[in-house]
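Structure at a glance
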Amino acid sequence: MAGRPRGDDHLVEYVVPMANRFETWGLMELGAQLIDTDACVRWLAERALIRNNLVCGTCRSPCRIHLQRDSPDGKRWYCGQCNIRTSIRDGSLFAKSKLSLKEIIAIIFCWANAMPQRFIQQESRVTNECTVGKWCSKLRRQCTRWIAQHPIEVGDVDENNDPIVVEIDESYVFIAST
């Protein structure tokens, strides 16, 4: 076959099933996993945080991965039928961000470990504190949405099989940085 070799139609061979995604990571282990952009892309695809494959929205053909030097992630989805290129980030939390995947993963890790924003900025190496603040807000909204879509029952019954009353005080505190 002459010309450019065809790319794969998926990023990784194996996507971790949802039931097995409750992982715990330390900063050192996570850093070792994310040594370069390709490793970040694979890590995210294995956890279904970015799409592992894509079907063209126009012609319904499977898209393929093409290397793209001018892309921040080094690859894009490409439909050979329609000649349409799409970011591998499209349809994910990472879409339209100018930060590297490694920076975003670092922000998420630090935020999930309740680090203050100034530490998140330092650990992620993102110099703009406004960007870090926006990402923290975005993550908070994403978690709020997820909790609303996946409600859990709180409470139990006592030894007489009477329901135990559980009161939950809801608070949302946000301190704007100055």
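Since we're looking at a predicted model, the values are computed, not measured. (Residues numbered from 1 in each chain as written. Predicted model: local features only at pLDDT ≥ 70, side-chain atom pairs only at ≥ 80, totals over all residues. Heavy atoms only, no water.)

Examining the pairing of strand 2 (residues 75–79)
Taken residue by residue, a regular strand's side chains alternate between the two faces of the sheet. In terms of burial, strand 2 is a largely internal element, 4 of the 5 residues being buried. Pairing between strand 1 (residues 64–67) and strand 2: 4 bridges, direction antiparallel. Across the sheet, residue L67 finds its bridge partner in strand 2, namely K75. Of the pairings in the sheet, the one linking strand 2 to strand 3 (residues 84–87) comprises 4 bridges and is antiparallel in character. Across the sheet, the residue bridging to C79 is I84, located in strand 3. Connecting strand 2 to the antiparallel partner strand 3 that follows it, the hairpin turn spans 4 residues, and N83 within it adopts a positive phi of roughly 60 degrees. (Buried < 20%, exposed > 50% of the residue type's maximum accessible area, 1.4 Å probe, protein only. Helix = DSSP H or I, 4+ residues; strand = E, 2+ residues; numbered from the N terminus. Pairing = 2+ DSSP bridges.)

Remarks on the packing of helix 3 (residues 101–112) against helix 4 (residues 117–124)
Where helix 3 contacts helix 4, the two axes come as close as 9 Å, and the packing angle between them is 145 degrees. As helix 3 runs across helix 4, the sense of the crossing is right-handed. Packed against helix 3, whose contacting residues are E103, A106, I107, C110 and W111, the element helix 4 presents I120, E123 and S124 at the interface. Among the residues forming the contact of helix 3 with helix 4, the class breakdown is 5 nonpolar, 1 polar and 2 charged. (Axes fitted to C-alpha atoms, helices over the stretch in contact; angles between N-to-C directions. Left-handed = near helix turned anticlockwise from the far one by under 90°. Contact = heavy atoms within 4.5 Å. Nonpolar A, V, L, I, M, F, W, Y, C, P; charged D, E, K, R; others polar.)

Section: the packing of aromatic side chains
Under the defined criterion, the tally for this structure stands at 1 aromatic pair. Seen in terms of ring centroids, W25 and W43 are 5.7 Å apart; in terms of plane orientation they differ by 70 degrees. Their pairing is edge-to-face. Note that W25 is positioned in the segment before helix 1 (27–33) and W43 in helix 2 (residues 37–46), a separation of 18 residues in sequence. Overall, W25 belongs to the partly exposed group, its relative accessible area being 24%. R118 extends its terminal NZ or CZ atom over the ring of F119, reaching a point 4.6 Å from the ring centre. A cation over a ring is seen here: K138 above W135, with NZ or CZ 4.5 Å from the ring centre. (Phe/Tyr/Trp six-rings, centres within 6.5 Å; stacked < 30°, edge-to-face > 60°. Lys NZ or Arg CZ within 6 Å of the ring centre and 35° of its normal.)

Observations concerning helix 3
With 12 residues, helix 3 extends 16 Å from end C-alpha to end C-alpha; this agrees with the ideal 16 Å at 1.5 Å per step. Every buried residue belonging to helix 3 is among L101, I104, I105, A106, I107, F109 and C110, and all of these are buried. Buried-residue contacts for helix 3 involve helix 1, helix 2, helix 4 and helix 5 (129–149). Two residues or fewer after helix 3 comes A114, characterised by a positive phi angle close to 60 degrees. (Expected span 1.5 Å × (residues − 1).)

A short note on the nonpolar core
The tendency in soluble globular proteins is for nonpolar side chains to be buried side by side. Ranked by size, the top nonpolar core spans 32 residues in total, and within it L11, L44, I50, W77, I105 and I107 carry the most contacts. Mapped onto this core, the elements with two or more residues apiece are helix 2, strand 2, helix 3 and helix 5. The leading source of residues in this core is helix 3, at 6 residues. L44 has contacts with L49, I50, F94, L101 and I105, leaving out every residue within four places of it along the chain. (Core = buried A, V, L, I, M, F, W, Y, C linked by side-chain atoms within 4.5 Å.)

Examining the confidence of the model for the chain
Across the chain, the average pLDDT comes to 85, with 89% of residues at or above 70. When mean pLDDT is compared element by element in the chain, helix 3 scores highest at 94, while helix 1 scores lowest at 87. Counted against residues more than four places away or in other chains, residues 1–5, with its pLDDT under 50, gives 3 contacts. (pLDDT = per-residue confidence, 0-100.)

Description of the sheet that holds strand 3
Reading across the sheet, the 3 strands line up as 1-2-3 and stay open at both edges, with antiparallel pairing between neighbours. Looking along the sheet, the strands with just one partner apiece sit at the ends: strand 1 and strand 3. Taken over all neighbouring pairs, the strand axes of this sheet differ in orientation by 40 degrees on average, direction set aside.

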